[in-house]
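What follows is the residue order along each chain.
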Amino acid sequence: QVQLVESGGGLVQAEGSLRLSCAASGRTFSAYRVAWFRQAPGKEREFVASISWNSGMTSYADSVKGRCTISRDNAKRTVDLQMNSLKPEDTAVYYCAARLVGKDEYEYWGQGTQVTVAS
């Protein structure tokens with residue numbers, strides 16, 4: 001099993017920045033693709049960004065492209081999401097998720113961290 005724990009959420013003003021972190025335990029991320037999702041009240045869960053641990057290949061949702069950067073830290077065994085120029089519509093619970101390469105569905109999920117962007 002892989003355990004994922006998110007941190008770094010909080011209250012930030014519009015145009016501010018936050019750095020979210022997803023820490024893994026139990027196993028490494030070496031064979032996984034790790035992603036950030038978000039879910040606002042009354043809305044479906046939405047893909048934000050993902051990264052392959054082995055190759056570093058990244059993918060971003062159009063809504064955050066240019067404002068967010070996903071990265072990995074081998075020493076800390078974390079996947080981070082740097083978010084800049086935050087907007088009120090970015091307000092959501094942000095979840096870290098992981099899946100084995102070759103699988104379509106994300107199997108492992110964290111508990112989530114709240115991001116609130118004030119207008």
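Residues numbered from 1 in each chain as written. Predicted model: local features only at pLDDT ≥ 70, side-chain atom pairs only at ≥ 80, totals over all residues. Heavy atoms only, no water.

A. The pairing of strand β1 (residues 3-7), seen in detail. Of the two faces of β1, only the one carrying Leu4 and Glu6 is buried; Gln3, Val5 and Ser7 on the other face are not. Of the pairings in the sheet, the one linking β1 to strand β3 (residues 18-25) comprises five bridges and is antiparallel in character. Bridged to Glu6 within β3 is Cys22. (Buried < 20%, exposed > 50% of the residue type's maximum accessible area, 1.4 Å probe, protein only. Helix = DSSP H or I, 4+ residues; strand = E, 2+ residues; numbered from the N terminus. Pairing = 2+ DSSP bridges.)

B. Here's a closer look at the environment of Ser59. Tracing the chain through its elements places Ser59 in strand β6 (residues 58-60). What makes Ser59 partly exposed here is its relative accessible area of 29%. On a C-alpha basis, the gap between Ser59 and Thr69 in space is 9.6 Å, while along the polypeptide they are 10 residues apart. Once residues within four sequence positions are removed from consideration, Ser59 is found in contact with Arg33, Phe47, Val48, Ala49 and Ser50. (Contact = heavy atoms within 4.5 Å.)

C. Focus on unusual backbone geometry. If you check the backbone angles, Glu15 has positive phi at about 75° while not being a glycine. Position of Glu15 among the secondary structure elements: in the loop between β2 (10-13) and β3. The exposed category is assigned to Glu15, whose relative accessible area is 59%. Residues other than glycine seldom take positive phi values, yet Arg77 does so here, at roughly 55°. With respect to the helices and strands, Arg77 occurs in the loop between β7 (68-73) and β8 (78-83).

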